[in-house]
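Close look at the chain arrangement
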Amino acid sequence: MSDLIFHHYDASPFAEKVRTILGFKGLSWQSVQIPRMMPKPELTPLTGGYRKTPVMQFGAHIYCDTQIIIRELENRFPSPTLFPGNSQFLGWGTSFWTDKLLFGTAAAIVFGTFGEQMPAEFVQDRVEYSGGSINIEKMKAALPVSLQQFAAMMDWAEQGLADGRDYLLGLDASLVDFNLYYTIWFAGRAPAAKEILTEFPNLNAWAGRIAAFGKGNPSEMSAAGALAIAQKDDVSAYSGSIGENEDKKAGEQVTVMPNDTGRTPVTGELVTLNRREIAIRHKNETVDEVIIHFPRAGFIVR
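The present account deals with the structure reproduced in this document. (Residues numbered from 1 in each chain as written. Predicted model: local features only at pLDDT ≥ 70, side-chain atom pairs only at ≥ 80, totals over all residues. Heavy atoms only, no water.)

**Looking at the side chain of His293**
Worth spelling out the cut-off: Secondary structure counts use DSSP, requiring at least four H or I residues in a row for a helix and at least two E residues in a row for a strand, with both numbered from the N terminus. Here a polar contact means two N or O atoms within 3.5 Å. Within protein one must be a hydrogen donor candidate and the other an acceptor candidate, and residues neighboring in sequence count only if both atoms are side-chain atoms. We call two residues in contact whenever any of their non-hydrogen atoms come within 4.5 Å of each other.
Note that His293 resides in strand β9 (residues 290–295). In terms of polar contacts, His293 uses its side chain to reach the side chain of His61, at 2.9 Å. In contact with His293, not counting residues within four places along its chain, are His61, Ile62, Tyr63, Cys64, Ile68, Tyr238, Glu277, Ile278 and Ala279.

**Remarks on the pairing of β9**
Selection rule: Relative accessible area decides the class of each residue, using a 1.4 Å probe on protein chains only: under 20% of the type maximum gives buried, over 50% gives exposed, and in between gives partly exposed. The pairing criterion is simple: DSSP has to find at least two bridges between the two strands.
Within β9, 6 of the 6 residues are buried, which leaves it mostly tucked inside the rest of the structure. Burial along β9 is two-sided: Val290, Ile292 and Phe294 facing one way and Ile291, His293 and Pro295 facing the other are all buried. Relative to β9, strand β4 (residues 61–64) is paired through 3 bridges, and the arrangement is parallel. Paired with Tyr63 across the bridge in β9 is His293. Relative to β9, strand β8 (residues 277–282) runs antiparallel, the two sharing 6 bridges. For Glu277, the partnering residue across the bridge sits in β9 and is Pro295.

**Brief notes about the nonpolar core**
Rules: Throughout this description, the term nonpolar core refers to a set of buried Ala, Val, Leu, Ile, Met, Phe, Trp, Tyr and Cys residues connected via side-chain atoms within 4.5 Å.
Leu4, Leu73, Phe150, Met154, Leu180, Leu203 and Trp206 are the most contacted members of the largest nonpolar core, which totals 62 residues. Per-element tally for this core: the top contributor is helix α8 (residues 175–187), with 9 residues. Among residues more than four places away in sequence, those in contact with Leu73 are Leu4, Val18, Ile21, Leu22, Lys25, Leu27, Met56 and Pro78. Among the nonpolar cores identified, the runner-up in size contains 33 residues, and Ile5, Ala223, Phe294 and Phe299 belong to it.

**Quick word on the packing of helix α1 (residues 13–24) against α8**
Let me state the cut-off plainly: Only the contacting stretch of a helix is used when fitting its axis, a line to C-alpha atoms as for every element, and angles between N-to-C directions run 0 to 180 degrees. The scheme is simple: roughly parallel for angles under 35 degrees, roughly antiparallel for over 145, roughly perpendicular for 65 to 115, oblique for anything else. Note on convention: the crossing is left-handed when the near helix lies turned anticlockwise from the far helix by less than a right angle, right-handed when the turn is clockwise. Gly is put with the polar residues, along with every residue not named as nonpolar or charged; the nonpolar set is Ala, Val, Leu, Ile, Met, Phe, Trp, Tyr, Cys and Pro, and the charged set is Asp, Glu, Lys and Arg.
Interaxial distance between α1 and α8 falls to 9 Å at its minimum, and their mutual angle equals 135 degrees. One way to sum up the angle between α1 and α8 is to call them oblique. Crossing angle aside, the handedness with which α1 passes α8 is right-handed. Contacts between α1 and α8 involve Pro13, Phe14, Glu16, Lys17, Arg19, Thr20, Ile21 and Phe24 from the former and Leu175, Phe178, Asn179, Tyr181, Tyr182, Trp185 and Phe186 from the latter. For the contact of α1 with α8, the per-class residue count stands at 10 nonpolar, 2 polar and 3 charged.

Pasting the structure below:
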């Protein structure tokens, strides 16, 4: 049985980004299906209340946010690499464009197209998650503009592939490709966006190559089973590192939360704080303790 446990739901676009990377790396993994909205009673003991999807688990080490998930996958399974030609800057940099601006455009298209058909409780959950920025009527009214912006950005990729290269950076797939792919997968649910994508033959051929990586080798695991694995893992001796110029110390009680959406604070004792990672030791009544890892970029620690 694989040690890699992935908490997700099938329709999650950010989970699709990671699932495709799992396929690219040819990994076996345990699949735990979680609710697509709060509450998440069997996941919360592991995450301390973090509400975004997906979450990755190795024993009692919990990784929250795709950025830290991808970083850990690359560390543990470096081949094939997500950063051919030392392309870390392009990989992480484009992720902030795709995960924020481009994903926001894709979400506006999906909600503007299907919002009126979505369950009221799901819409309300996403309103709370976004801090009130989701308004179905406004998204519906703005749908033509959202589609125009989506088409303009897809044209960038079409131009970048016009020389016949297989992937956006050349011969080898990279994080840049997976950053873009999941937004196309998500927006393409809307018929109007799907129609726009047919206008870009190079982009369509590229998307087919990314999809062909598959999703690796998943096996189903129950949420209770994943929780039991965390409960059995002793992380009491785990220690991290604090950067030289940080104003906090190991063992200090802190809260961590995203700086954009899903701003639910997670509390614990500080273990790691540097330019790449925040990690805290979190304890609750269900699990003795877990180490919860977050990326530094895009997260606030107080």
